[in-house]
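The lines below spell out each chain.
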Amino acid sequence: MGDINSLIRQLVNYGLDKELVAKEDEVYTINRILEVLKLDEYTEPETVPKNSELEQILEGMLDFAYDRGLIESNSVAYRDLMDTKIMGCLTPAPSVVISKFNNFYKESPQKATDFYYNFSCDTDYIRRYRIAKDMKWTADTEYGRLDITINLSKPEKDPKAIAAARNSKQSAYPKCQLCVENEGYAGRLNHPARETHRIMPITIDGSQWGFQYSPYVYYNEHCIVLNSEHIPMKIDESAFRKLFDFIKLFPHYFIGSNADLPIVGGSILTHEHFQGGHYEFAMERASIKKEITIKGYEDVKAGIVNWPMSVIRISHSDSERLVKLAAHILDTWRGYTDEDVFIFAKTEGEPHNTITPIARMRNDKYELDLVLRNNITTKEQPLGVYHPHKELHHIKKENIGLIEVMGLAVLPARLKNEMKKLGEFIVAGKDIRSDEELEKHADWVDEFKPQYDSIDENNVDEILKKEIGIVFKKVLEHAGVFKNDENGAAAFMKFIENI
């Protein structure tokens, strides 16, 4: 565990080194840490290890806190609440961080985001040591190279914490995890601690928004842009304008929005927000397979993207021109029905059609990808006709949101152990259907196994990764409203002629 005085000194030295703590605030910071650890005194240690890893320093402090009875249970949920409280002692006030961000922004938008992203990592708001555990690989397909990740950085709660959260008093503060009231919030078992969280205020389309990073970082500099008011997601003309206003502020980033309907939307529909970052997704690299011209907007470059989902890409030097065209396409799509390819704008008064938009700069021009979505369900496909179908649920059952739409699979943590075990079963020739955890994968294995001359311990892991990539490609194809065949291409063009 190490001497607690030494750990405090190591942490404060870390804060000084990362410029989280000013020299003038050193004693003040030590005293704040003492308060959190319920200690009355501090003795300066004679020797202190140099270049200690933050994770190790915090581990030692958390062990000390547990031994002293400051943490009820020695599990991730309780330890996360405590170590965020400790790191909060080192994290400057929002006004200080905003001032630094603005000063860097005067030099360049990228310098501002570089500072802010590194700051978010240094405060442990983004836990780099957890992100490093995520499994990542790529899969080559006819649509380009897709990204596959198995998300291991989002901690799974233990049963005791789940039970305690269920029994704890339900709070409506903050209303959700995206609300600005999360900034500095101590958290509770059913809501993450955010003492190290700082939000940069920005103005888009004349309204106040916040700019922050996702603590789980699914891709480089994964940011979230959130309305300062807790209002629901809505895709409309204003949403398109907001996306471009953000791009004007941070032209080195892309920005996109989840759709505003269940099934095809993200996990949080109750709070208007966008997601962006400094990353090139497979969808951005995808080429135009058919150029199109839209009546009244002949000056706008437009085309259908070579992608498993149904995407219209529009480009122009005037962002407002794209905003108006996007709103026109959206209005047309909202009311569009084509029974021949099972597209219904509404059934029993329930709307089904919406759009997932993604904005970026390319070669000094504004570009907008409009992904057509439909959330209709049937008895045969109760989770959605344009959603991964049942035969793919063994790999991916969750909603296909913005990140997946762009070509990055965020797969459940269970797959890490399941694939390891499945590989062992395949190599040993064991009956996959005899295992309760693995039987859901049996049909899939039966399907791909004959395509390989031999599967052994040397190649089984790579084969499974390749086949997971193929499943993800099919997931995206299932989510596409106009299929990539002759019939689908004709139906897509029929819609475009209606715009």
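Residues numbered from 1 in each chain as written. Predicted model: local features only at pLDDT ≥ 70, side-chain atom pairs only at ≥ 80, totals over all residues. Heavy atoms only, no water.

Here we take up the sheet that holds strand β2 (residues 144-150). What links the strands of a sheet is backbone hydrogen bonding, and the strands pair in either a parallel or an antiparallel sense. Across the sheet, 3 strands lie side by side as β1-β2-β15; this open sheet has mixed pairing. The open sheet terminates on both sides in strands that have one partner only, identified here as β1 (135-141) and β15 (408-411). On average, each strand axis in the sheet is inclined to that of its neighbour by 20°, with strand direction left out of account. Two strands pair when backbone bridges link them, and β1 and β2 are joined in this way by 7 bridges, in the antiparallel orientation. When the bridges of β2 are listed, A139 appears paired with L146. (Pairing = 2+ DSSP bridges. Helix = DSSP H or I, 4+ residues; strand = E, 2+ residues; numbered from the N terminus. Axes fitted to C-alpha atoms, helices over the stretch in contact; angles between N-to-C directions.)

Along its 16 residues, helix α11 (residues 319-334) runs 22 Å from first to last C-alpha, staying within 8% of the 22 Å computed at 1.5 Å per residue. When we look at burial in α11, the residues that qualify are S319, L322, V323, L325, A326, A327, I329, L330, T332 and W333. Its side-chain oxygen at 3.1 Å from the backbone nitrogen of E320, D318 defines the N-terminal cap of α11. (Expected span 1.5 Å × (residues − 1). Buried < 20%, exposed > 50% of the residue type's maximum accessible area, 1.4 Å probe, protein only. Polar contact = N/O pair within 3.5 Å; in protein donor to acceptor, adjacent residues only side chain to side chain.)

A separate point is the pairing of strand β4 (residues 207-213). Note on strand geometry: in a regular strand, side chains alternate between the two faces of the sheet. The buried fraction of β4 amounts to 5 of the 7 residues, a majority that puts the element mostly inside the structure. Two elements, strand β3 (residues 200-204) and β4, share 5 bridges in a ladder whose sense is antiparallel. For I204, the partnering residue across the bridge sits in β4 and is S207. Hairpin connection of β3 to β4: 2 residues between the antiparallel strands, including D205 at a positive phi of 50°.

The next thing to look at is the pattern of salt bridges. If you walk through the whole model with that rule in mind, you get 39 salt bridges. Here K396 and E404 are joined by a salt bridge, their closest N and O atoms 2.9 Å apart. Residue classification places E404 among the buried residues on the basis of a relative accessible area of 7%. D443 serves as the salt-bridge partner of R433, at 2.4 Å between the closest nitrogen and oxygen. Remark: D443 occurs in helix α14 (residues 442-448) and R433 occurs in the loop between α13 (414-428) and α14; sequence separation between them is 10 residues. (Salt bridge = Lys/Arg side-chain N within 4 Å of Asp/Glu carboxyl O.)

This next bit is on the pairing of strand β13 (residues 353-362). Burial runs high along β13: 8 of the 10 residues are buried. Across 2 bridges, strand β6 (residues 254-256) lies against β13 in antiparallel orientation. Its bridge partner lying in β13, G256 is registered against I358. Summarising the sheet, β13 and strand β14 (residues 365-374) pair through 10 bridges and their orientation is antiparallel. In the sheet register, I355 faces β14, and the bridge partner there is L372. Remark: 2 residues form the turn of the hairpin made by β13 and β14, two consecutive strands paired antiparallel; N363 in that turn has positive phi of roughly 50°.

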